[in-house]
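# What the coordinates show
Spelled out, the chains give:
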Amino acid sequence: MKLFFSNSLVYDYLFGILILVMPFGNALSNISIIILVLLFGLRFQKSMIITWFKSPLFIIAVLVFYLVLQAFINKSFSDDLNYYSRYGYLILVPILVFGINNTQIVKIAAICSVNLIIIISLVNIFIFYDKFGFFPFADSWATNAVLVLERPYTGIYCLISIVLSLEQLLHNKKFKAFFVASLLISVLFIFFISIRISIISFVLISIIYSFFYFKRNIKHKVFMIISLVALLTTFLFLNPNITKRFFLESNIEKSLEKFKESEPRIIIWNCAKQVINQNDFSFFLGTNSYSNIKNTMVQCYKDSIQDYSRKNWFLSRKYNTHNQYLDFYLIGGAFALALLFYFLFNYFIVNKKNFSPVAVIICFTVMMFVENIFHRQFGCLIFTIFVTLPLNQKKQNA
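Residues numbered from 1 in each chain as written. Predicted model: local features only at pLDDT ≥ 70, side-chain atom pairs only at ≥ 80, totals over all residues. Heavy atoms only, no water.

## Here's the deal with the layout of surface pockets
Its boundaries defined by the atoms lining it, the largest pocket holds a volume of some 1600 Å³. For the lining of the largest pocket, the element with the highest residue contribution is helix H17 (residues 290–304), accounting for five residues. Tallied by class, residues from the lining of the largest pocket come to 21 nonpolar, ten polar and 18 charged. Estimates place the volume of the second largest pocket at around 850 Å³. (1 Å grid on protein atoms, 1.4 Å probe; cavity = no way out; pocket = protein on both sides within 12 Å on 5 of 7 lines; lining within 4 Å. Points joined across faces, edges and corners; volume = space filled by probe spheres on them. Helix = DSSP H or I, 4+ residues; strand = E, 2+ residues; numbered from the N terminus. Nonpolar A, V, L, I, M, F, W, Y, C, P; charged D, E, K, R; others polar.)

Right, here's the structure in full:
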């Protein structure tokens, strides 16, 4: 029995199951992680920890240890345990990923997982359309009601599927039709539901791939860029929701005015400044607790928003900073922010010759400008799994 559970194939397939169930609730993910931890113990090798220690992911662990130490010093750890418990995944999951023997199983599971949530979401979307007579993409509440994951996380997961599908097409001779279909489905879905940050990331990684990783002559590269522009133009023409989501008006002035009126992050980021302006805020160490950040921002929403319904919406949601860089600066100061930037830079340098990890880290880097991805278990999981997988692959190829 012990021999069976210590088998690497069992571990790899169970990790694939974790990937499949991640979008459908934290409880299923946690059960899978507990089982993986037990199996990891049976298969433990010192080299796995050494590989993690030498990888860029150890920088993230240092960042987490620093924030936890700060919390203990400030006597806020118990009050903010909900945040730090999620940060534990940033340490645990990369170690578990280094225990995977066949990363192909996990990659295929990820592509299948994205395809599954797209299919379920499409069913929900057309049920919504049949009931109300319009597509629910202009308003976030309606969109999130029909999606398996909230819109930004659906987008980042689709981007991961696009990158992994392209990788399979370039390096795997089998099931090419499946990977082409998966890539196209994810691209179309991002534009169909008008995920702004994912559209921006898709355009960015497409340009980077065309210029730096597409091994063809300049004519082919130019053709790739022209095709990308044509694709974007087509989607803008066919899907008016994209225009609405990007606040595109007849001129720049009107677009900026619409952006300021409609984008909640303008209010959120202005209220985050209230924390920085506090007398006890330290440039190097940040503030004393997440509770202070939350309470200060909620009070700012109460004092600064004039519209009654909008004020109630902000107060009921208690929005966080919606910017991972700003979040780490507020809670850990310049030191925490420097550690995050050092990780991103180090990870890029280590993987710069390989498009897949570069594309994934760029997508996360962009997303962190508008989301606190580490405040969600799903965000912690997809980040740690898909930035660690290429490092595991290097270990196997060494």
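## Notes on unusual backbone geometry
Its identity as a non-glycine residue notwithstanding, Lys75 has a phi of 60 degrees, on the positive side. Backbone geometry places Lys318, a non-glycine residue, at a positive phi of 50 degrees. Structurally, the position occupied by Lys318 is in the loop between helix H18 (308–317) and helix H19 (324–351). Overall, the relative accessible area of 39% leaves Lys318 in the partly exposed class. (Buried < 20%, exposed > 50% of the residue type's maximum accessible area, 1.4 Å probe, protein only.)

## Re the state of the cysteines
Summed over the entire model, instances satisfying the criterion amount to one disulfide. With a sulfur-sulfur separation of 2.2 Å, Cys271 is cross-linked through a disulfide to Cys300. Looking down the S-S bond of the Cys271 and Cys300 bridge, the torsion is -75 degrees, so its handedness is left-handed. Of the two residues, Cys271 is situated in helix H16 (residues 264–276) and Cys300 in helix H17; the sequence distance between them amounts to 29 residues. Considered together, Cys271 and Cys300 belong to a single accessibility category, that of buried residues. Cys158 takes part in no disulfide bond, and the closest cysteine sulfur, belonging to Cys363, lies 11 Å away. Among the residues examined, Cys158 registers a relative accessible area of 0% and is labelled buried. With no disulfide of its own, Cys380 has Cys363 as its nearest cysteine by sulfur position, at a separation of 18 Å. (Disulfide = S-S within 2.5 Å.)

## Some words on the pattern of salt bridges
Taken as a whole and judged by the stated rule, the model has five salt bridges. As a salt-bridge pair, Glu167 and Lys107 come within 3.0 Å of each other at their nearest N and O atoms. One end of the pair, Glu167, is in helix H10 (residues 151–171); the other, Lys107, is in helix H8 (residues 103–132), with 60 residues separating them in the sequence. We classify Lys107 as buried; its relative accessible area is 8%. (Salt bridge = Lys/Arg side-chain N within 4 Å of Asp/Glu carboxyl O.)

## Brief notes about the packing of H10 against helix H11 (residues 176–192)
One can describe the packing of H10 onto H11 by two numbers: an axis separation of 9 Å at closest approach and a directional angle of 150 degrees. What the angle tells us is that H10 and H11 run roughly antiparallel. The way H10 lies across H11 gives a crossing that is left-handed. In this structure, H10 contributes Thr154, Gly155, Cys158, Leu159, Ser161, Ile162, Ser165, Leu166, Gln168 and Leu169 to the contact, and H11 contributes Lys176, Phe179, Val180, Ser182, Leu183, Ser186, Val187, Phe189 and Ile190. Each residue belonging to the contact of H10 with H11 can be placed in one class, and the counts come to eleven nonpolar, seven polar and one charged. (Axes fitted to C-alpha atoms, helices over the stretch in contact; angles between N-to-C directions. Parallel < 35°, antiparallel > 145°, perpendicular 65-115°, else oblique. Left-handed = near helix turned anticlockwise from the far one by under 90°. Contact = heavy atoms within 4.5 Å.)

## Points about the packing of aromatic side chains
Tallied over the full model, the rule gives 39 aromatic pairs. Ring geometry for Phe178 and Phe179: centres 5.3 Å apart, planes at 65 degrees, overall edge-to-face. Under the relative-accessibility criterion, Phe178 is labelled partly exposed at 32%. The exposure class of Phe179 is buried, given its relative accessible area of 2%. Their ring planes at 65 degrees and their centres at 5.4 Å tell us that Phe281 and Tyr329 sit as a pair that is edge-to-face. Taken together, the residues span a long stretch of sequence, with Phe281 in the loop between H16 and H17 and Tyr329 in helix H19 at a distance of 48 residues. This pair shows no difference in class: Phe281 is buried, exactly as Tyr329 is. (Phe/Tyr/Trp six-rings, centres within 6.5 Å; stacked < 30°, edge-to-face > 60°.)

## With respect to the side chain of Asn392
With respect to the secondary-structure elements, Asn392 resides in helix H21 (residues 377–397). With relative accessibility at 0%, the residue Asn392 sits in the buried group. Separated by 3.5 Å, the side chain of Asn392 and the backbone oxygen of Phe98 make a polar contact. In this structure the side chain of Asn392 is engaged in a polar contact, spanning 3.2 Å, whose partner is the backbone oxygen of Ile100. Discounting chain neighbours no more than four positions away, the residues touching Asn392 are Val97, Phe98, Gly99, Ile100 and Thr103. (Polar contact = N/O pair within 3.5 Å; in protein donor to acceptor, adjacent residues only side chain to side chain.)

## A few points about empty space enclosed by the protein
For the structure on display, the rule yields one cavity of 30 Å³ or more. Of the pockets and cavities examined, the largest cavity occupies roughly 60 Å³. Considering the residues around the largest cavity, the lining is formed by Lys107, Val163, Leu164, Glu167, Ser356, Pro357, Val360, Phe386, Leu389 and Pro390. Listing elements by their share of the lining of the largest cavity, those giving two or more residues are H10, helix H20 (355–367) and H21. A breakdown of the residues in the lining of the largest cavity according to their chemical character gives seven nonpolar, one polar and two charged.

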